[in-house]
Amino acid sequence: MAGGEPALAEAATEVAQAQVVAAQAALRAAERLYDVGGASATRREFNFDRHWRNARTLVSHNPIAHKARVVGDYLLNAEPPPLTGFF
C-alpha cells in the first residue's frame, strides 16, 4: 500500500468492526421486543415487526460475515482489506 492507503485500511477496518457490532446489536434488540412482549408484540397495531425486518434487511444487504473475516485477517495477519465499494 502506498501513500495514505495504510490509514485508509485502518479506517475501513474500524468502520467494518462498528458495522458488525451494530448489526448484531440491532438484531438482538429487535428479537428482545418479542421476548419481552410475548405474543402481543406481534399485534399489527404495534407495528414492532418493522424493527426486526429493517435490521434483517440491513444485515442481508451488508455482508457482515465477510466484514468480520476481513477485519480478523487484518488484525491477525496484517492483510489489508479490499479497497473497493463492496467492502
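Right above here is the structure, for reference.
Being a predicted model, the structure only gives us computed values, none of them experimental. (Residues numbered from 1 in each chain as written. Predicted model: local features only at pLDDT ≥ 70, side-chain atom pairs only at ≥ 80, totals over all residues. Heavy atoms only, no water.)

Draft legend 1. Seen up close, the environment of A41. Mapped onto the elements of the fold, A41 is located in the loop between α1 (5-37) and α2 (49-61). Taking relative accessible area as the criterion, A41 reaches 3% and is therefore assigned buried. Distance from A41 to A9, taken between C-alpha atoms, is 42 Å for residues 32 residues apart in sequence. Non-local contacts of A41, meaning those with residues more than four positions away in its chain, are made with L33, Y34 and F48. (Helix = DSSP H or I, 4+ residues; strand = E, 2+ residues; numbered from the N terminus. Buried < 20%, exposed > 50% of the residue type's maximum accessible area, 1.4 Å probe, protein only. Contact = heavy atoms within 4.5 Å.)

Draft legend 2. Region of interest: the nonpolar core. Of all hydrophobic cores here, the largest spans six residues; its members are V20, A23, L27, A55, V59 and I64. Broken down by secondary-structure element, the contributors of at least two residues to this core are α1 and α2. Among the elements that make up this core, the one with the highest residue count is α1 (three residues). In this structure I64 touches Q19, V20, A23 and V59, once residues within four positions along its chain are discounted. Core analysis: the next-biggest nonpolar cluster, separate from the first, contains five residues, A12, A16, V70 and V71 among them. (Core = buried A, V, L, I, M, F, W, Y, C linked by side-chain atoms within 4.5 Å.)

Draft legend 3. Broad picture of the packing of aromatic side chains. Inspection of the entire model under this criterion finds one aromatic pair. Taken together, a centroid distance of 5.6 Å and an interplanar angle of 20 degrees make the contact between F46 and F48 stacked. F48 gets classed as partly exposed once you look at its relative accessible area, which sits at 27%. (Phe/Tyr/Trp six-rings, centres within 6.5 Å; stacked < 30°, edge-to-face > 60°.)

In short, geometric facts, not functional conclusions.
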